[in-house]
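One letter stands for each residue in the lines below.
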Amino acid sequence: MKGLLKNNYYATIANAKLFFVVTVLLCALSVVMKNQMLIVVFILLCMIGFSIISIVGLRKEISSKWNKYKIATPLKRVDIIRGYFLSHLLWLIVGMLIAGAGIALSIILSGLLFDKIIDIFNYYVLGIGISLFTGAFFFPLFFSRNGEERNEAILAISLLCGIGINTGLVKLMNTLFPIPMTNSQIIIAGTIIIAIAVFAISISCFLTISIYRKRDY
């Protein structure tokens, strides 16, 4: 598994470095301008962007044909798929940490740019949910028949589905809890959304493994 994670890391690190520079510049701009919208974009971009970068790294395997040679190695197909999902989650965590560092810097230099501190939690839930749901849709579609030939379209569809489902869940939570919600109710609703997203990507992992086992290339 370590070898698979290293392979996925090297496939994405170049794009990750470039994207990190973009997020740093965006964070600096939001701090200088004291703009709430910019810091919101920064938070979401960190979590969604870094996790998507791990997905984009799969394109390098397609161009190099490594995805076909990989199954001829002693590696188990189950471990290959788990490696992709784990890389996706690890890059999401990286994005969360960078977003957290940027928020802390913004608060220190510009003060709290949100109405309430709980607003930060809400945007974290949104970013995590979209990221997980996007991965849940992307991987099984990508490894399905001819999915690798339509990777850009599949990524766009997966991202739209992730945004749509997350938005729907937020609206559902707003109907289940009274408005305005208390901080504890917001935390409960956010935890439910994240739990559903984690469940979705877990099911997606099992489905992708099943699909990948049947691929003969």
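Calculation notes
- Residues numbered from 1 in each chain as written.
- Predicted model: local features only at pLDDT ≥ 70, side-chain atom pairs only at ≥ 80, totals over all residues.
- Heavy atoms only, no water.
- Helix = DSSP H or I, 4+ residues; strand = E, 2+ residues; numbered from the N terminus.
- Buried < 20%, exposed > 50% of the residue type's maximum accessible area, 1.4 Å probe, protein only.
- Contact = heavy atoms within 4.5 Å.
- Areas by Shrake-Rupley, 256 points an atom, 1.4 Å probe, with all protein chains shown as cover.
- pLDDT = per-residue confidence, 0-100.
- Axes fitted to C-alpha atoms, helices over the stretch in contact; angles between N-to-C directions.
- Parallel < 35°, antiparallel > 145°, perpendicular 65-115°, else oblique.
- Left-handed = near helix turned anticlockwise from the far one by under 90°.
- Nonpolar A, V, L, I, M, F, W, Y, C, P; charged D, E, K, R; others polar.
- Core = buried A, V, L, I, M, F, W, Y, C linked by side-chain atoms within 4.5 Å.

### Notes on the overall build of the protein
Here is step 1: A tally of regular secondary structure across the protein gives eight helices and zero strands.
Here is step 2: Element order for the protein, N to C, with α for helix and β for strand: α-α-α-α-α-α-α-α.
Here is step 3: Burial analysis of the protein (217 residues in total) assigns 45% to the buried set.
Here is step 4: Residue pairs at least 24 apart in sequence account for 82% of intrachain contacts in the protein once pairs closer than 6 positions are excluded.
Here is step 5: Taken as a whole, the protein presents about 11,400 Å² of accessible surface, with 71% of it coming from carbon and sulfur.

### Considering the side chain of Ser-30
Here is step 1: Checked against the element boundaries, Ser-30 lands in helix α1 (residues 2-33).
Here is step 2: Excluding its chain neighbours within four sequence positions, the residues that come into contact with Ser-30 are Asn-35, Leu-38, Ile-39 and Leu-113.

### Description of the confidence of the model for the protein
Here is step 1: For the protein, the mean per-residue pLDDT works out to 84, and 86% of the residues sit at or above 70.
Here is step 2: Considering each helix and strand of the protein separately, the mean pLDDT is smallest for helix α4 (residues 66-70), with a value of 59, and largest for helix α6 (residues 118-142), with 92.

### A closer look at the packing of helix α5 (residues 77-110) against α6
Here is step 1: At their nearest, the axes of α5 and α6 sit 11 Å apart, and the two run at 160° to each other. Judged by the inter-axis angle, α5 sits roughly antiparallel to α6. For α5 against α6, the interelement crossing comes out right-handed. When α5 is examined against α6, the residues Tyr-84, Phe-85, His-88, Leu-89, Leu-92, Met-96, Ala-99, Gly-100, Ile-103 and Ile-107 are found in contact with a partner set consisting of Ile-120, Tyr-124, Ile-128, Ser-131, Leu-132, Gly-135 and Phe-139.
Here is step 2: Tallied by class, residues from the contact of α5 with α6 come to 13 nonpolar, four polar and no charged.

### Points about unusual backbone geometry
Note on backbone geometry: most residues besides glycine have negative phi, and most peptide bonds are trans.
Here is step 1: Positive phi is not limited to glycine here, since Lys-34 has a value of about 55°.
Here is step 2: Mapped onto the secondary structure, Lys-34 falls in the loop between α1 and α2 (36-56).

### Remarks on the nonpolar core
Here is step 1: Core analysis: the biggest nonpolar cluster contains 59 residues, and Phe-42, Ile-43, Tyr-124, Phe-138 and Phe-139 have the highest contact counts within it.
Here is step 2: Elements that contribute at least two residues to this core include exactly α1, α2, α5, α6, α7 (151-176) and α8 (183-213).
Here is step 3: When near neighbours in sequence (up to four residues on either side) are disregarded, Tyr-124 contacts Ile-43, Met-47, Met-96, Ala-99, Gly-100 and Ile-103.

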